[in-house]
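# Examining the three-dimensional arrangement
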Amino acid sequence: MTIGLINLYSTRNLGDAAIYAALAQLSPDKTVVGALDEENPTLINGFSIQSRLDECSSLISVGGDIFNNARPRFITRRFLSNVRALNSQRHRTMLFGQSIPPSCRGISFSILSKTIKNVAAAVVRDEESHKRLKQAGVPIELSYDTAFVLKTNQLAKAEAVSLFSSLGLEPSKTAVISLRNKCLMYGETGSEKQLIEICKSLEARGHQIALVIQADGDVADTDRVLAISIQKACPKAVILDPFLAAPLLEPWALLTAIFAIANIVVAVRYHAAILRLITGRRCYVLHYSNKGSDLCQRLGIAGTALGGEVDDHLIRAIEASSQAAFDATPYAHHVRDSFTQGLALASA
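A brief look at the structure comes next. What you see is a predicted model, and the numbers here were worked out from it, not measured in a lab.

Scoring rules and cut-offs
- Residues numbered from 1 in each chain as written.
- Predicted model: local features only at pLDDT ≥ 70, side-chain atom pairs only at ≥ 80, totals over all residues.
- Heavy atoms only, no water.
- Salt bridge = Lys/Arg side-chain N within 4 Å of Asp/Glu carboxyl O.
- Helix = DSSP H or I, 4+ residues; strand = E, 2+ residues; numbered from the N terminus.
- Buried < 20%, exposed > 50% of the residue type's maximum accessible area, 1.4 Å probe, protein only.
- 1 Å grid on protein atoms, 1.4 Å probe; cavity = no way out; pocket = protein on both sides within 12 Å on 5 of 7 lines; lining within 4 Å.
- Points joined across faces, edges and corners; volume = space filled by probe spheres on them.
- Nonpolar A, V, L, I, M, F, W, Y, C, P; charged D, E, K, R; others polar.
- Phe/Tyr/Trp six-rings, centres within 6.5 Å; stacked < 30°, edge-to-face > 60°.
- Lys NZ or Arg CZ within 6 Å of the ring centre and 35° of its normal.
- Core = buried A, V, L, I, M, F, W, Y, C linked by side-chain atoms within 4.5 Å.
- Contact = heavy atoms within 4.5 Å.

This part covers the pattern of salt bridges. If the charged atoms of two oppositely charged side chains come close together, the side chains can form a pair. A full pass over the atoms with the stated rule returns twelve salt bridges. Here Asp-145 and Arg-125 are joined by a salt bridge, their closest N and O atoms 2.7 Å apart. Taken as a pair, Asp-145 in the loop between β7 (141–142) and α5 (154–166) and Arg-125 in the loop between β6 (121–124) and α4 (127–135) lie far apart in primary sequence, 20 residues in all. Residue classification places Asp-145 among the buried residues on the basis of a relative accessible area of 0%. Under the relative-accessibility criterion, Arg-125 is labelled buried at 1%. For Glu-197, the salt bridge goes to Lys-193, with nearest N and O atoms at 2.7 Å. In this pair, Glu-197 and Lys-193 both sit in helix α6 (residues 191–204), four residues apart, roughly one turn of the helix. Given the relative accessible area of 27%, Glu-197 is considered partly exposed.

This model, assessed by the stated rule, comprises one cavity of 30 Å³ or more. Estimates place the volume of the largest cavity at around 40 Å³. Looking at the lining of the largest cavity, the elements with two or more residues in it are α9 (270–277), β12 (284–287) and α10 (290–299). Class assignment of the residues belonging to the lining of the largest cavity gives a composition of six nonpolar, three polar and two charged.

Aromatic ring pairs are described here by two measures, namely the spacing of the ring centres and the angle between the planes. One pass over the structure, following the stated rule, counts seven aromatic pairs. Measuring from ring centre to ring centre gives 4.9 Å for Tyr-144 and Tyr-331, while their planes differ by 75 degrees; the resulting arrangement is edge-to-face. Remark: Tyr-331 occurs in helix α12 (residues 329–346) and Tyr-144 occurs in the loop between β7 and α5; sequence separation between them is 187 residues. Judged on exposure class, the residue Tyr-144 and its partner Tyr-331 are both buried. With a centroid separation of 5.5 Å and 10 degrees between ring planes, the pair formed by Phe-326 and Tyr-331 is classed as stacked. The same class applies to Phe-326 and to Tyr-331, which are both buried. The structure contains a cluster of three or more aromatic residues connected by ring pairs, namely Tyr-144, Phe-148, Phe-326 and Tyr-331. Sitting over the face of the ring of Phe-109, Arg-132 holds its NZ or CZ atom 4.2 Å from the ring centroid. One Lys or Arg, Arg-180, reaches over the ring of Tyr-288 and ends 4.0 Å from the middle of that ring.

So, about the nonpolar core. Nonpolar side chains in soluble globular proteins tend to end up buried together. Counting 99 residues, the largest nonpolar core has Leu-5, Phe-148 and Val-176 as the members making the most contacts within it. With ten residues, helix α1 (residues 14–26) is the single largest residue contributor to this core. By size, the runner-up hydrophobic cluster in this structure holds 17 residues, among which are Phe-67, Leu-95, Leu-112 and Ala-122.

It is worth spelling out the side chain of Glu-319 at this point. Of note, Glu-319 is situated in helix α11 (residues 312–321). We classify Glu-319 as buried; its relative accessible area is 15%. Among all residues touching Glu-319, those that are not within four sequence positions of it are Leu-202, Arg-205, His-207 and Ile-264.

The element α10 is extensively covered by neighbouring structure, given that eight of its ten residues are classed as buried. For α10, every residue scored as buried is listed here: Asn-290, Lys-291, Gly-292, Ser-293, Asp-294, Leu-295, Cys-296 and Leu-299. Backbone geometry just after α10 places Gly-300 at a positive phi near 70 degrees.

Here the focus is the environment of Gly-15. Along the chain, Gly-15 turns up in helix α1. Here Gly-15 falls in the buried class, since its relative accessible area comes to 0%. Taking the C-alpha atoms as reference points, Gly-15 and Thr-256, 241 residues apart in sequence, are found 10.0 Å from one another. Beyond its immediate chain neighbours, meaning those up to four positions away, Gly-15 contacts Gln-214 and His-271.

Here it is in structure tokens:
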């Protein structure tokens, strides 16, 4: 059974890379293929790039917020392309582990919901997406993010320890800050100012600050510019770059290990939270969309909206988030069961 992934985004967004790795692990053959035109793709065990998916027995529409539509009064070519891919072989296609972002509304949401009605199976990862599609008459299931099935790699953990040491970081004193550049599709502003204030406040309380690069794709999706800007305001902050992983080590796995050994993780990017949680430790979420707020509401993860005020209450809540454990096992089981059931329908 060859499973093909459609609507791929990028392996250079390590959240998406983690999704592809998780789908490979879920696949009966432990491998998946996908058509992706990308320079310098990152290593993902079990995932390979093919130019055509004609021989695949089933197709899975992946990604997270892949159905963003950046032009409210129009429909983007990228959105239409993703919808066409979803519809092209709908009898053997499953939409799995996605969210319907706020930018998908009006005509674009109407087109998408009608398309999802016709696929073999559909599973979303957040309650708001589930509710919107249900109200539109779509037979939809609700689960959790696909990456919950992943585990911490011990080789990656050793690499993370070495990386921290080389940069003068002590894991028990380090607060890792996830970043995300401004994006009109989510409408949030002011995150840079807030993150600088958080870094300065945590540093004043004795924490070492590390800014992590989780995405390094095109200009619209890279953390480097923001990391450099924050570092200028907080000169003692260091930048952690999992894209510089050893040749045989998956960068998403090194990112997960970074989150595993750090004392505190402030998660702006959604998968910073997921990859921290699968290590058995909690984080503090600064959410900018329904997928992030869903973690706080359904899983009881501490957090607040990105771009707000920084006060003593917030800083103490961030510190407190590092003290509690998290058991990802039931969420991993739910994802596996949802995948198995959906794949059976897409393979019938």
